[in-house]
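Descriptive structure summary
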Amino acid sequence: MTMVGREKESAAVLGLTSGVLILTGEPGAGKSTLLGLAADRHRGRVLRMTGSESEANLTFAGLHQLLRPVLGETARLPGRQRSALLGAMGLGDDFGGGGFGQAEPDNAHLGEAEPDNAHLREAGPDGVDTGRGGPPDRLLLGVALLTLLSDLARQSPVLVVADDLQWIDAGSLELLAFATRRIGDEPLAVLAGARDRAGEGARGGATAPFSGFPLRTLDPLDATSAGLLLDRQPYPPTGSRRLRILDQAAGNPLALIELARANGACGADPAGSADGELLPPTDRLMRVFAADLETLPETTRQALLLVAADDRAVAGRVEVLAPAEAAGLLRITGGGRDGWRARFRHPLIRSAIYHSVPLAARRQAHRDLATLLGAEPDRRAWHLAAAAEGPDEEIAAALEESAARARERGGYTAATTALERAAELSPGRRDRARRLVAAAGAAVSTGQPHWVRRLAAQAAALTDDPELSAEASLRVGQVLTLSTEHDTAMSLLLRAAEDPKLRRVALSSASVAGFYSGDEEYRRTVRARAHDDPWTLAVTDPTAHRSERVAAIPALVERADGDPARLISLGAMAWLLDETALAVRIFDDALHRWRLGGSLPIGLGCSAGWSYLDHGRWAQARTAAVNTNSAGAGLPHLDAAARSLEATAPAHCSNRPGPSRTSPRPSPNRRAANGRSNARRSCWTTPNGCAAATASPRPATS
């Protein structure tokens with residue numbers, strides 16, 4: 001068994017042969033899986049105890065669970081220790097255990113007339129057993145447990161696995177902690193798992209006896225690992241549903257697996273809608289993330305529904321939300337000029353709250369919120385869309401306007417989802433098709449080819465308008481440029497180029513597809529149609545008329561008028577023409593301008609990264625690679641480029657003196673000798689992301 005994204009943690013638990021290690025993390029982070037991995041691989045005796053909320057107040061219930069397989073082996077303990085240990089678990093000295101290695105019949109230690117768990121007593125007010133024999137001597141019990149575990153370790157290595165520490169009774173935890181602190185160099189190890197304290201509620205201090213031990217926190221999976229885990233599921237999600245799952249799971253492995261499973265059960269990737277943004281959690285996730293919901297007052301649950309529908313709907317509800325905040329479900333932040341905001345401990349808590357009520361109640365919540373948001377058109381449009389029960393052109397138009405504002409801020413996923421929902425609410429077929437094509441155009445910048453293809457296919461099924469059909473072909477061709485489907489991309493882009501309005505941008509994208517394909521005939525075909533477009537001519541043949549192309553770049557930069565999409569194209573053009581210093585200056589300006597407006601489209605950071613690498617700015621090159629993440633998006637070509645850039649940059653950093661105050665920047669000649677030839681080969685064999693700039697609805701250069 002291998003765990004995606006938990007390689008270091010797996011090595012840590014498998015390497016534990018003596019001592020103690022505590023794993024912490026939110027529910028579903030993979031603690032139990034890691035404990036199971038260690039137990040399965042352990043070459044010796046494994047003793048387990050797993051906390052249960054129903055037994056958290058049964059004194060020494062955990063101890064009984066831990067020692068039940070070896071109760072017969074207490075025979076070798078000194079008399080007082082044996083009596084104390086057996087007495088703590090409700091067993092008398094007359095318990096008839098055999099010697100080491102002898103199997104004990106099931107329930108042999110329980111009297112025939114004794115009901116199940118009768119030997120476990122409810123904890124008294126002072127936390128000690130109120131059963132027969134009086135309170136046990138905790139020191140004697142600790143010594144007895146340590147003696148027993150050490151004796152077992154002398155026979156064969158022992159691994160104690162304790163899961164869900166937060167639900168193990170306090171008495172058992174104290175004894176195990178006592179023994180653990182006294183482990184010497186014997187082959188005795190204790191591996192435990194506990195939830196983050198943020199999710200422990202009333203038992204937030206329950207694991208205090210284990211404080212001070214070595215701790216390893218399981219952080220959420222990074223974007224690459226989360227994508228890989230999704231791809232390992234029987235039905236890997238694609239398109240908009242994939243993005244929602246990644247966003248809502250927030251790197252939680254259990255959530256990724258469960259939401260992918262639910263997605264596979266429902267089949268199709270439905271059109272985006274405000275109501276569909278919060279995916280309904282499975283029953284298992286509801287049990288994990290919404291366990292405390294039923295204990296809250298009704299007024300608090302009503303307020304929670306509103307903030308689950310809109311995390312800024314906190315004003316006037318701070319006091320009524322206090323019980324939810326005390327339970328660790330959320331935090332109320334802000335309160336200044338930007339107002340209050342609810343921060344849920346995990347996105348799935350928000351989803352569980354939202355889907356805990358019927359659809360009619362959710363729609364009413366959205367209507368109530370829309371009424372309060374007349375001065376905020378974007379939020380109001382989303383709430384009206386979530387409350388809509390059928391087509392509504394007014395709401396569709398409001399969403400289309402919201403999408404335009406989101407795109408200006410670099411919110412490509414939000415823009416695509418808004419346009420897709422606007423199409424869904426459009427009464428007319430042509431408006432529906434037009435908005436679907438616009439959504440496909442925005443989706444290109446998300447790097448999700450499945451999403452672009454689905455949107456374009458839906459538009460094609462609604463209209464035979466040649467202009468809309470041509471633009472739909474353009475958008476699919478653009479996103480496939482960054483995949484390995486170069487033949488399909490070329491076919492679609494050349495078809496789109498037959499529309500005079502799209503000719504320039506379609507040929508710009510086609511030049512990149514031909515460049516990546518390595519097909520000489522494709523490059524000649526595009527070049528023959530390029531006429532005087534400098535970008536297309538430079539990409540299809542960087543060596544022809546090189547000096548003229550280089551001389552034209554400053555004027556083209558001036559004509560770009562600060563448009564970051566055009567500047568990105570010109571930076572890539574300068575790099576292709578071996579003008580690396582000029583390329584870096586243009587990229588610096590373009591990326592700065594783009595970040596002022598929002599996030600970068602998929603691929604643009606990688607485009608600049610290769611220029612930074614060639615110019616000796618290796619740290620920036622690696623940062624660009626790390627920020628270009630398309631794992632599992634259906635763009636293996638781009639992913640390969642980002643990975644190779646990320647691997648190459650550290651090699652340069654470690655083997656060569658980088659630019660610094662005391663180390664001069666590599667000279668142009670040195671860069672040409674050491675970096676450019678490698679970069680040129682990289683450019684021809686892996687994408688640098690420059691194609692993404694041509695996905696702009698405007699021509700790359702003009």
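Residues numbered from 1 in each chain as written. Predicted model: local features only at pLDDT ≥ 70, side-chain atom pairs only at ≥ 80, totals over all residues. Heavy atoms only, no water.

Counting its regular elements, the chain contains 31 helices and 7 strands. Each of the 702 residues in the chain was classed as buried or not, and the buried ones make up 54%. For the chain, the share of sequence-separated contacts (at least 6 apart) that also reach a separation of at least 24 residues comes to 71%. Entry remark: accessible area of the chain is about 30,200 Å², with carbon and sulfur atoms responsible for 50%. (Helix = DSSP H or I, 4+ residues; strand = E, 2+ residues; numbered from the N terminus. Buried < 20%, exposed > 50% of the residue type's maximum accessible area, 1.4 Å probe, protein only. Contact = heavy atoms within 4.5 Å. Areas by Shrake-Rupley, 256 points an atom, 1.4 Å probe, with all protein chains shown as cover.)

Moving on, we come to the nonpolar core. In this structure, Leu399, Leu425, Val452, Leu455 and Leu474 are the most contacted members of the largest nonpolar core, which totals 51 residues. Elements represented by at least two residues in this core include exactly helix H15 (377-387), helix H16 (393-408), helix H17 (412-424), helix H18 (429-444), helix H19 (449-462), helix H20 (466-481), helix H21 (486-496) and helix H22 (503-517). Per-element accounting of this core gives the leading share, 8 residues, to H18. Sequence-distant contacts of valine 452, defined by excluding residues within four places in its chain, comprise Ala440, Ala443, Val444, Arg475, Val476 and Val479. Ranked by size, the runner-up nonpolar core spans 44 residues in total, among them Ala255, Val314, Ala365 and Leu369. (Core = buried A, V, L, I, M, F, W, Y, C linked by side-chain atoms within 4.5 Å.)

The backbone of histidine 545 shows a phi angle near 55°, a positive value even though the residue is not glycine. As for its position among the elements, histidine 545 is in the loop between helix H24 (534-540) and helix H25 (546-560). The class for histidine 545 is partly exposed, based on a relative accessible area of 47%. Located in the positive-phi region is aspartate 561, a residue other than glycine, with phi close to 55°. Relative to the assigned elements, aspartate 561 resides in the loop between H25 and helix H26 (564-576).

So, about the packing of aromatic side chains. On inspection of all chains with the given rule, the structure shows 1 aromatic pair. The interplanar angle of 70° and the centroid separation of 5.7 Å between the aromatic rings of phenylalanine 515 and tyrosine 516 together place this pair among those described as edge-to-face. Between arginine 182 and the ring centre of phenylalanine 178, over which it is positioned, the NZ or CZ distance is 3.7 Å. (Phe/Tyr/Trp six-rings, centres within 6.5 Å; stacked < 30°, edge-to-face > 60°. Lys NZ or Arg CZ within 6 Å of the ring centre and 35° of its normal.)

Glancing now at the pairing of strand S1 (residues 19-25). Buried residues dominate S1, accounting for 7 of its 7 residues. Of the two faces of S1, the one lined by Gly19, Leu21, Leu23 and Gly25 and the one lined by Val20, Ile22 and Thr24 are each fully buried. The pairing of S1 with strand S4 (residues 188-195) spans 7 bridges and is classified as parallel. Paired with isoleucine 22 across the two strands is alanine 192, which belongs to S4. Note that S1 and strand S5 (residues 215-217) share 3 bridges and pair parallel. (Pairing = 2+ DSSP bridges.)

This part covers the environment of isoleucine 332. Its location among the elements puts isoleucine 332 in strand S6 (residues 330-334). Between the C-alpha atom of isoleucine 332 and that of arginine 312, which follows or precedes it by 20 residues, the distance is 9.7 Å. Apart from residues no more than four positions distant in its own chain, isoleucine 332 is found in contact with Val314, Val318, Leu321, Glu325, Trp340, Arg341 and Ala342.

Moving on, we come to the packing of helix H8 (residues 239-249) against H19. The interhelical angle for the contact between H8 and H19, taken along N-to-C directions, is 140°, at an axis separation of 6 Å. When the axis of H8 is compared with that of H19, the two are oblique. Facing Gly239, Ser240 and Leu243 of H8, the residues of H19 in contact are His450, Trp451 and Arg454. Among the residues forming the contact of H8 with H19, the class breakdown is 2 nonpolar, 3 polar and 1 charged. (Axes fitted to C-alpha atoms, helices over the stretch in contact; angles between N-to-C directions. Parallel < 35°, antiparallel > 145°, perpendicular 65-115°, else oblique. Nonpolar A, V, L, I, M, F, W, Y, C, P; charged D, E, K, R; others polar.)

Here we take up the sheet that holds S4. Read across the open sheet, the 5 strands follow the order S2-S3-S4-S1-S5; overall the sheet is parallel. One side of each edge strand has no neighbouring strand; the edge strands of this open sheet are strand S2 (45-50) and S5. Between one strand axis and the next, the sheet turns through 15° on average, direction left out of account. Summarising the sheet, S2 and strand S3 (residues 158-163) pair through 6 bridges and their orientation is parallel. Note that in S3 the partner of leucine 47 across the bridge is valine 160.

Moving on, we come to helix H23 (residues 520-530). Those residues of H23 that sit buried are Arg523, Val526 and Ala530. In a view along the axis of H23, the buried residues occupy a sector of 70°, so they form one face of it. Turned more than 90 degrees away from the buried face of H23, the exposed residues are Glu521 and Ala528. Residue aspartate 519 occupies the N-cap position of H23, its side-chain oxygen lying 2.9 Å from the main-chain nitrogen of glutamate 521. Following H23 by one or two positions, histidine 531 adopts a phi angle in the positive range, close to 55°. (Arc of directions from axis to C-beta. Polar contact = N/O pair within 3.5 Å; in protein donor to acceptor, adjacent residues only side chain to side chain.)

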